[in-house]
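Geometric and topological summary
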Amino acid sequence: TVQAMIDSLPTPDSYLAMDADSQNASQDLLMAAYEAFTALTTEQQAKIDTTAMYALQEAVMNGGETLEEVTAPSTTNIDGVDYYQIATADDLLWFAEFVKSGNSGANAVLTNNIDLNGATWTPIAQTPSYHTSAVTDTGYTGTFDGAGHVVSKFKVVCENGDGSSTASGNVKSYGLFGTVSGTVQNVGIDTFTFDGDRDGMADCRAGGVVGQLLSG
């Protein structure tokens, strides 16, 4: 079960004590648990204790510095519109979770370069299937302004798993953002790795900034 996958993840302290190979293996387990969790319905997600998953993800993304809890970043008003100010990797993780929890139209602006320290990244607003137009899940609908800043050192992994066709719904969108029908602008990407070498992989839509850009 998804809960069992999450419960089996190592604690942040255990992860930090591991060698590089074991840490990589733990990141793969974290990615699998995260994707299994995001595939659940909202009602199913509400029944899952995600404490261990997010604790490990914070350890991975913050280079060994874990936080007791993730707090919302501050906001700024630009031309009458509120934007979350993203200054750290933890802010970006919070924003990704905020968008995933039903706030696809949230706006954000980077106020600093973001170093994800080689973390395996679950794309913001990743859609669970292959879309050719904005008729089902339109993904991210807000405005994300990089303000000339760079997000660096992260990887995304394309894992469809069972070799089924694109029509099965196993195909997903991969990048800093998964699927976008809003605006993502003025952001650079550095040291981005896309890992699509998976047995039975059907197909992926991938890009450094956005995996799939829809016109709505």
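Notes on the structure follow. (Residues numbered from 1 in each chain as written. Predicted model: local features only at pLDDT ≥ 70, side-chain atom pairs only at ≥ 80, totals over all residues. Heavy atoms only, no water.)

So, the overall build of the protein chain
Filter applied, for reference: Put simply, DSSP H or I for four residues or longer makes a helix, DSSP E for two residues or longer makes a strand, and each gets a number counted from the N terminus. A 1.4 Å probe rolled over the protein chains alone gives each residue an accessible area, and that area as a share of the maximum for its type sets the label: buried under 20%, exposed over 50%, partly exposed in between. Only heavy atoms matter for contacts: two residues are in contact if any of them lie within 4.5 Å across the pair.
When you go through the protein chain residue by residue, the secondary structure sums to six helices and 12 strands. The buried share of the protein chain, reckoned over its 216 residues, is 43%. Of all intrachain contacts in the protein chain linking residues separated by at least 6 positions in sequence, the fraction that spans at least 24 positions is 78%.

Quick look at the packing of aromatic side chains
Stated formally: Here is the rule: rings of Phe, Tyr and Trp (six-membered ring for Trp) pair when centre to centre is within 6.5 Å. Planes less than 30 degrees apart are stacked, more than 60 are edge-to-face, and the remainder are tilted.
By the definition in use, this model includes nine aromatic pairs. A ring pair is formed by Tyr 84 and Phe 98, whose centres lie 5.4 Å apart and whose planes are at 70°; its orientation type is edge-to-face. With Tyr 84 in strand S2 (residues 81–86) and Phe 98 in helix H6 (residues 89–100), this pair connects stretches of sequence that are 14 residues apart. Tyr 84 sits in the buried class, given a relative accessible area of 19%.

Let's talk about the nonpolar core
This is how the line gets drawn: The definition of a nonpolar core used throughout is a set of buried Ala, Val, Leu, Ile, Met, Phe, Trp, Tyr and Cys residues joined through side-chain atoms within 4.5 Å.
One finds Leu 92, Phe 95, Trp 121, Ile 124, Phe 144 and Val 151 to be the most contacted residues of the largest nonpolar core, which totals 28 residues. Breaking this core down by element, the ones donating at least two residues are S2, H6, strand S3 (108–110), strand S4 (114–120), strand S6 (150–157) and strand S8 (177–180). Counting residues per element, this core draws most heavily on H6, which supplies six residues. In terms of nonpolar packing, the next biggest core, distinct from the first, is built from 16 residues, Ala 33, Phe 37, Met 53 and Tyr 54 among them.

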